[in-house]
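Examination of the molecular architecture
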Amino acid sequence: MTDWIGILKEQTANGDEMGREVPRMLANPDISEAQVKKLFAALEKQADFAEKLRLALEKFGHDFSIIKAAERLEERYADLAATTAEKLKAMRK
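Residues numbered from 1 in each chain as written. Predicted model: local features only at pLDDT ≥ 70, side-chain atom pairs only at ≥ 80, totals over all residues. Heavy atoms only, no water.

Time to look at the overall build of the protein. Of regular secondary structure, the protein possesses 3 helices and 0 strands. Here the C-alpha coordinates of the protein stretch approximately 45 × 20 × 20 Å along the principal axes. Here the analysis covers contacts within the protein between residues at least 6 apart in sequence; of these, 77% occur between residues at least 24 apart. As presented, the protein carries roughly 6200 Å² of accessible surface, and 54% of it is formed by carbon and sulfur atoms. Taking the average location of the 16 positive side-chain charges in the protein and that of its 17 negative ones, the two points are 4 Å from each other. (Helix = DSSP H or I, 4+ residues; strand = E, 2+ residues; numbered from the N terminus. Contact = heavy atoms within 4.5 Å. Areas by Shrake-Rupley, 256 points an atom, 1.4 Å probe, with all protein chains shown as cover. Lys, Arg positive; Asp, Glu negative; His and termini not counted. Charge placed at Lys NZ, Arg CZ, Asp CG, Glu CD.)

The following block contains the structure:
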């Protein structure tokens, strides 16, 4: 049986770390457009995974608080991806 709660905890810890690291990475004046593109793609992938995780948690009838935590994780990755997209847009000007 899949440990959905364990996966959520692990992904939340990763999301917390990315929440700290991404702004630092984007603030680095030496970051290249290619690096920002790669970061954006990785964040989009994580946002997609978080969405699938939330859907699985809903499907298996987990408590509202668990579903809410998964939604926050999904939102965190989407926000980080949006911030990265803005950086990429600014670099292209």
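Here we come to the nonpolar core. Soluble globular proteins tend to pack their nonpolar side chains together in the buried interior. Ranked by size, the top nonpolar core spans 20 residues in total, and within it Leu-8, Val-22, Leu-43, Leu-57, Leu-73 and Tyr-77 carry the most contacts. When contributions to this core are tallied by element, the ones reaching two or more residues are α1 (4-27), α2 (33-59) and α3 (64-91). Counting residues per element, this core draws most heavily on α3, which supplies 9 residues. (Core = buried A, V, L, I, M, F, W, Y, C linked by side-chain atoms within 4.5 Å. Buried < 20%, exposed > 50% of the residue type's maximum accessible area, 1.4 Å probe, protein only.)

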